[in-house]
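Residue-level structure breakdown
Chain by chain, the residues run as shown.
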Amino acid sequence: MKSDVLIVGGGVIGCALALKLAEAGCKVLLMERGRLGCEASSAAAGMLSPQTESLQPDEFFNLCIKSRALYKNFVAHLKEASDIDAQLREEGTLFVSLPHLQDHADEWAQWQLEAGLRVERIPAEELERLEPAVTKQATRAIFMADDLQVENRLLMLALAVAIRRAGVTVIEGEAVTEVLLDHQQVAGVVCGSAKIYAGAVVIAAGSWSGALLEKFGVEAITIPARGQMIAVQSAAIRHVLHSSQVYLVPRNDGRLLIGATVEYSGFEKGNTAKGIRALLDAAIELVPEVADAEIVETWSGLRPDTPDHWPIIGESGIANLWLATGHFRNGILLAPITAELMMQSLLLNRTVDQLQPFGLHRFATLPALHS
Ligand code: FAD
Ligand code: GLY
């Protein structure tokens, strides 16, 4: 039977949307060419840190703040729906200033305070009390008490269970090769020699989303930005820590994640000596005892970046074709709000106002179709 909505891509964005739609009563088919969560969504660090990662107040920042506000309910709901706890942590983030590194912490602390957000300036002595393992070279820190973090691999496992229990049909190991057109509108997708029909198609294929739009003349709309990561065994810190060079994320299981590079090297994954050295140098400088910690894992993932670094969410301009992609460095954070607003848009059959700044139309208009 034909699905109401066919989602291409089983990362955090595709899965979170599938769950919302299924719970709203839609018949959903999700197609993933590998395994659910096999790409960026499991490679991520799981920080839910809009205040540390945004440079100025704008619509993107507001979207991130709204999504963070949804997170506790999102994780609680997933636990109920899957029996898997994604380990939300609420210690907040400390951005640490080091004497020889330039940062703009004072500037962004100021506009965030003016915007009514919780931001605290922490002198060096207080930082030493909060996180004794941080280098004595640190001059001060900024504390964002409302920032969160989640164990994103568990989040993906929880989503994988929850969507199946909610009735989503999941096909893994099959790549969508093309969007299927019929009489100037999208009618489904092509998968090898099979045609699969659906009422609406949502492209949520992360860094690979752009490839499915090339047939409409739109190129390089998603750009892979490689991030290398390291995990060491260490209980040195309790909060998520940032400097302007590196971040450190403590996990419940005793691992400490060290991330991440941002590299534009095509679709090449893997770890490089240069990348690992830069991360370790910066991590050891921030928390010297990391030098003696055992390395337990290294990995990398491809963030779906866009030409202006904002996500592309909403209608495409072609009937029945929708986009939920390009979440770059904040896809884990933005999953709940993307799913909520996309679900509303699909049910209304028009992009809701809150998503207007994130439309594809800001880069390209899909050309008129000829059947
Ligand atoms: P993906 O997770 O990449 O999922 C897309 C899926 O589509 C893939 O599983 C892929 O196999 C599938 N696919 C592709 N093409 C096809 C096709 N033709 N047919 C079928 N399936 C297809 N975000 C945060 O919020 N906080 C963080 O701390 C954070 N840290 C990060 C650290 C690193 C090192 C990296 C790499 C990313 C980080 N991110 C973080 C960003 C976040 O991981 C991404 O924004 C998010 O995972 C994007 O989710 P997605 O579902 O769009 O893409
Ligand atoms: N948000 C963290 C990263 O993209 O590395």
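What this report covers is the structure whose coordinates are included nearby.

About the thresholds
- Residues numbered from 1 in each chain as written.
- Chains lettered and ligands numbered in written order.
- Predicted model: local features only at pLDDT ≥ 70, side-chain atom pairs only at ≥ 80, totals over all residues.
- Heavy atoms only, no water.
- Near = heavy atom within 4 Å.
- Areas by Shrake-Rupley, 256 points an atom, 1.4 Å probe, with all protein chains shown as cover.
- Helix = DSSP H or I, 4+ residues; strand = E, 2+ residues; numbered from the N terminus.
- Nonpolar A, V, L, I, M, F, W, Y, C, P; charged D, E, K, R; others polar.
- Polar contact = N/O pair within 3.5 Å; in protein donor to acceptor, adjacent residues only side chain to side chain.
- Pairing = 2+ DSSP bridges.
- Axes fitted to C-alpha atoms, helices over the stretch in contact; angles between N-to-C directions.
- Contact = heavy atoms within 4.5 Å.

Let's talk about the site of ligand 1
- Every one of the 38 residues lining ligand 1 counts as a neighbour, but Glu32, Ser41, Met47, Phe328 and Leu333 are closest to it.
- Relative to its unbound accessible surface of 1000 Å², ligand 1 loses 98% to contact with the protein.
- Looking at the shell around ligand 1, the elements that each hand over two or more residues are helix H1 (12–23), strand S2 (28–32), helix H2 (40–43), strand S12 (223–233), strand S16 (294–305) and helix H9 (331–348).
- In the shell around ligand 1, the residues fall into 21 nonpolar, 11 polar and 6 charged.

Observations concerning the site of ligand 2
- In the vicinity of ligand 2, the residues found are Met47, Glu53, Tyr247, Ala260, Arg303 and Arg329.
- At a separation of 2.8 Å, a nitrogen atom of ligand 2 approaches a polar backbone atom of Arg329.
- Protein chains shield 89% of the accessible area of ligand 2, which is 200 Å² for the free molecule.
- Residues belonging to the shell around ligand 2 are distributed by class as follows: 3 nonpolar, no polar and 3 charged.

What to know about the sheet that holds strand S14 (residues 247–250)
- Ordered in space as S5-S6-S4-S13-S14-S15-S12-S16, the 8 strands form an open sheet in which the pairing is mixed. With one partner strand each, in any of the chains shown, strand S5 (120–123) and S16 form the two edges of the open sheet. Put simply, the sheet's adjacent strands are angled 25° from each other on average, direction ignored.
- Pairing analysis gives 4 bridges linking S14 to strand S15 (residues 255–259), with the strands arranged antiparallel. Looking at S15, one finds that Val249 is bridged to Leu257.
- Of the strands in this sheet, strand S4 (93–97), S5 and strand S6 (140–144) are in contact with helix H5 (residues 105–114), which crosses S6 at around 30°.

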